[in-house]
Each structure stands twice: as structure tokens, then as C-alpha cells.
Amino acid sequence: TPKRNIDVLRDIAEIKGKRPYTIVFVGVNGVGKSTNLAKVCAWLMQNGQRVMIAACDTFRSGAIEQLRVHSDRLNVPLFQRGYGKDAAEIAAEAIAHAKEEKFEVVLVDTAGRMQDNEPLMHALSKLVNTNRIDLVLFVGEALVGNDGVDQLVKFNQSLSDLAATSTSAPRLIDGIILTKFDTIDDKVGAAISMVYSTGIPILFLG
């Protein structure tokens, strides 16, 4: 049983007019974070939300251009500051800009990274702990089976270990987007294992 119940639209409504609701998409390389960010964006727009996308993958070549294609198709603004910059600072600028322009939701794309890549995990921990993030979503492939459980557990552990020591608790993963769910057969149990072993709910199936 998930440890918490997440109702994204309800949570957005609770802070509407005060500040933008910010969602960060995280995960390993090649799982479809940008594509699923675009799908979540379309869903939010269908539910009447004003959405802005923030390009905080400043590491992978072509990442911003890929997001530009999605944002153009969805007709939503893309906030970007180019490559090689501090992703946490770009996220902060994007959130501040969205508040000024009265956007209701900011969707933050991040670089794909393996959970044992300490420099990239440290950068991600900085992003989610130094900004006011409402929802951290782990994007994982259903195809990988129980490896997905291992990825999720270690990702969360890395975020916890690398968080700067402070009085507040470290910012960890809140929910799961499970992609390629329609292509699996006997690995479907991994979805249950992910929730059972971590208590983190699955919010969307891709």
C-alpha cells in the first residue's frame, strides 16, 4: 500500500494564486522523461492549467532542442538557459519567472543519470533540496522488471545521502511514472514490487 495519496489537481488548486506548483521529472538515461513530461503537460492543459516547461537538462546534447519540439507542439513556453549551467539555479529562475507570469504549474526536465553517478546525483539533490519542489516523479521502465525496483531504491538512497545536512528532511521521490507498461508480460509484478518495497505510489502509466 502506498504511504501517501497524491491528487495532483487538488494539490495545484490548494496553492493556486500563491505560487506555481512545481514538478521535477527524474530517472536513469533513456527512459522517456522528456516524452512523459510532455504527456503530463498535455493532461494538465486538458484540466485547465497554465503550464510552463523548464529545461534543466544542461548535460545531454540535444535535450533542450527535444523539449523545444514538445513545447512548440503543445504551445507552451519553454524556459531555458542553455547547456553547461547549474540546473538548480535554472530551476530557481524558472520558478520565479513562472510566478511573475502567473503560470500555475512548472514542469522541470532533468538530465538522465545512473544512481551511482555521484556528481550528477549531487546536482539533482541540490536542485530538489534548494528549490521549493512540490512533486518529484521518478520515471522508470516497466520493461526492466525488478531492476526498476533496484533503480528506484538506490535513486532515493542517493538523494538522501547527498542532501546537504540541515534541520529539514531531504527531498526524496514522491511518485512513479511507469513507462512502456503495454509491452510487458511476466514482468508486471515489478510494478507491485516498486510500490510494496518503497511505499511510493504509481501516478501515471505510460
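Because the structure is predicted, anything quoted here is derived from the model rather than measured.

### Re unusual backbone geometry
Peptide bonds are mostly trans, and most non-glycine residues show a negative phi. The backbone of Asn75 shows a phi angle near 60°, a positive value even though the residue is not glycine. As for its position among the elements, Asn75 is in the loop between helix H3 (63-74) and strand S3 (78-79). With phi around 60°, Lys102 is a residue other than glycine that occupies positive phi space.

### Considerations on the nonpolar core
Counting residues in each nonpolar core, the largest one holds 62 residues, and the members touching the most others are Ile23, Phe25, Leu107, Leu127 and Ile173. The biggest single contributor to this core is helix H4 (residues 87-100), with 7 residues.

### Re the side chain of Glu104
Inspection of the secondary structure puts Glu104 in the loop between H4 and strand S4 (105-110). At 2.6 Å, the side chain of Glu104 forms a polar contact with the backbone nitrogen of Arg50. Sequence-distant contacts of Glu104, that is, excluding residues within four places in its chain, are made with Ile12, Lys16, Pro20, Tyr21, Gly48, Gln49 and Arg50.

### Notes on the pattern of salt bridges
All told, the structure shown has 7 salt bridges when counted by the stated rule. Between Arg81 and Glu93 there is a salt bridge, and its shortest N-O distance comes to 3.0 Å. Taken together, the positions of Arg81 in the loop between S3 and H4 and Glu93 in helix H4 put the pair 12 residues apart, joining distant regions of the chain. Among the residues examined, Arg81 registers a relative accessible area of 40% and is labelled partly exposed. Taking the shortest distance from any N to any O, the salt bridge between Asp86 and Lys126 comes out at 2.6 Å. Residue Asp86 is located in the loop between S3 and H4, and its partner Lys126 is located in helix H5 (residues 118-130); the two are separated by 40 residues in the primary sequence. Among the residues examined, Lys126 registers a relative accessible area of 34% and is labelled partly exposed.

About the cut-offs
All residue numbers refer to positions counted from 1 along the written sequence of the respective chain. Since the coordinates come from a predicted model, pLDDT governs what is reported: local features require at least 70, and pairs of side-chain atoms require 80 or more to be given and counted, while whole-chain, interface and lining totals use all residues. With hydrogens and water excluded, all non-hydrogen atoms of the structure serve as input to the side-chain values. Helical segments are the DSSP runs of H or I of at least four residues, strand segments are the runs of E of at least two, and each set is numbered from the N terminus. Buried Ala, Val, Leu, Ile, Met, Phe, Trp, Tyr and Cys residues form a nonpolar core when they are joined through side-chain atoms within 4.5 Å. Partly exposed residues are those whose accessible area sits between 20% and 50% of the maximum for their type, while under 20% is buried and over 50% is exposed, using a 1.4 Å probe and protein chains only. Contacts described as polar in this section are N or O atom pairs within 3.5 Å, which, within protein, must combine one atom able to donate a hydrogen with one able to accept it, while residues neighboring in sequence count only if both atoms come from side chains. Note on definitions: a residue-residue contact is assigned when non-hydrogen atoms from the two residues lie within 4.5 Å. Salt bridges are identified by distance alone: a Lys or Arg side-chain nitrogen within 4 Å of an Asp or Glu carboxyl oxygen.

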